[in-house]
Every structure is written in C-alpha cells, then in structure tokens.
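This is what each chain is made of:
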Amino acid sequence: MRFDIEKAISYSLITGVIISSGLIILGLAFIFAQGGAGPYGFAQISSFTSAVNSKTFGVNEVFSGLSAFNGISYIYLGIMVLIVTPIMRVILLIFQFLYERNRLYFIISVIVLFNMLFALLLLPRFIS
C-alpha cells in the first residue's frame, strides 16, 4: 500500500484546526468559570487596552499556566497550534518532493518554510 501524502496533509490540517478550536473553547470555558485568568480579571482581559498580549504573555507563561488551568494559556496554545498547522503542511510537502526527486518544488518548499520560520521566530524581534 502506497503512502498517500495528500491524505496525510488533509488529516494534518483538519487535526490542527480541531485541536486548536478545542483548546480555544476550553480556554474560554476556564475564563468564564473562574471569572478571569490568573491575576487578570474578566474586565481586564476583555478591555481594548488590556495588558494581556503576546508581549507580556510569552511561551514560558503559556506552558506554566496549563497546569494551573489558566484560560489564557489554553487560548494561546490553541493559537500556537493553529500557526504550526500550515508549517506542518509545508514540511510534509518537502518530504513528498524529496521522495519524488522533484528538485524545483523541493527548493521552493524549503524557501517557503524558511520564510515562514523567519517571519514567526526572528522578525518579531526586529520589530519590537
């Protein structure tokens, strides 16, 4: 039986969206059940001038907040999963083009992956 990369890509995208949606819904449920998240009250979180943003709430806070059932941590993790989903698609395509020995699309896919990772990991450091 031959490995079908199109099905793998399709399932990875569907799975990523479902997991992401579930984490975001779970985070919202924790926020509403607890009347806030950690040191932030519901009014502080929902304000347009909220102190809760990606500059004040980093990756370390996301993972440490999961065990404390911090709703914001679950929402941020859901967003992180949603961001990683198309990156996984490009990685799967790289393997497909490598297997097919399609050099042109392999090189294009590697460049796309580099651009995505550059924009996600390095570019925010230059902007702030």
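Further up the page is the structure itself.
As the structure is a prediction and not an experimental result, all values here were calculated from the model.

Thresholds, definitions, all that
- Residues numbered from 1 in each chain as written.
- Predicted model: local features only at pLDDT ≥ 70, side-chain atom pairs only at ≥ 80, totals over all residues.
- Heavy atoms only, no water.
- Helix = DSSP H or I, 4+ residues; strand = E, 2+ residues; numbered from the N terminus.
- Buried < 20%, exposed > 50% of the residue type's maximum accessible area, 1.4 Å probe, protein only.
- Core = buried A, V, L, I, M, F, W, Y, C linked by side-chain atoms within 4.5 Å.
- Contact = heavy atoms within 4.5 Å.
- Phe/Tyr/Trp six-rings, centres within 6.5 Å; stacked < 30°, edge-to-face > 60°.

Regarding unusual backbone geometry
Then, number 1: The backbone of phenylalanine 69 shows a phi angle near 55 degrees, a positive value even though the residue is not glycine.
Then, number 2: Position of phenylalanine 69 relative to the elements: it lies in the loop between helix 3 (59-66) and helix 4 (71-100).
Then, number 3: If you check the backbone angles, arginine 101 has positive phi at about 60 degrees while not being a glycine.
Then, number 4: Relative to the helices and strands, arginine 101 resides in the loop between helix 4 and helix 5 (103-127).
Then, number 5: Note on arginine 101: relative accessible area 74%, which makes it exposed.

Thoughts on the nonpolar core
Then, number 1: Among the nonpolar cores identified, the biggest contains 13 residues, and Ile31, Phe57, Val62, Ile72, Tyr74, Tyr76 and Leu77 are the most heavily contacted of them.
Then, number 2: If you list the elements that add at least two residues to this core, you get helix 1 (5-34), helix 3 and helix 4.
Then, number 3: Broken down by element, this core gets its largest block of residues, 5 residues, from helix 4.
Then, number 4: Ignoring any residue separated from it by four or fewer positions in sequence, one finds tyrosine 76 in contact with Val52, Asn53, Ser54, Phe57 and Val62.
Then, number 5: Within the second largest apolar cluster, 5 residues are counted, among which are Ile5, Ile9, Leu92 and Leu93.

Considerations on the packing of aromatic side chains
How two aromatic rings sit relative to each other is given by the distance of their centres and the angle of their planes.
Then, number 1: Tallying each qualifying case throughout the model produces 4 aromatic pairs.
Then, number 2: Consider the rings of phenylalanine 97 and tyrosine 105, whose centres lie 5.6 Å apart with planes at 35 degrees: the pair is tilted.
Then, number 3: Its relative accessible area of 14% is what places phenylalanine 97 among the buried residues.
Then, number 4: Judged by relative accessible area, which is 43%, tyrosine 105 ranks as partly exposed.
Then, number 5: An aromatic cluster is defined as three or more aromatic residues linked by ring pairs; in this entry it consists of Phe30, Phe69 and Tyr74.

Here we look at the side chain of threonine 85
Then, number 1: Looking at the secondary structure, you find threonine 85 in helix 4.
Then, number 2: Judged by its relative accessible area of 7%, threonine 85 falls in the buried class.
Then, number 3: Other than its neighbours up to four places away in sequence, threonine 85 contacts Ser12, Leu13, Gly16 and Val17.

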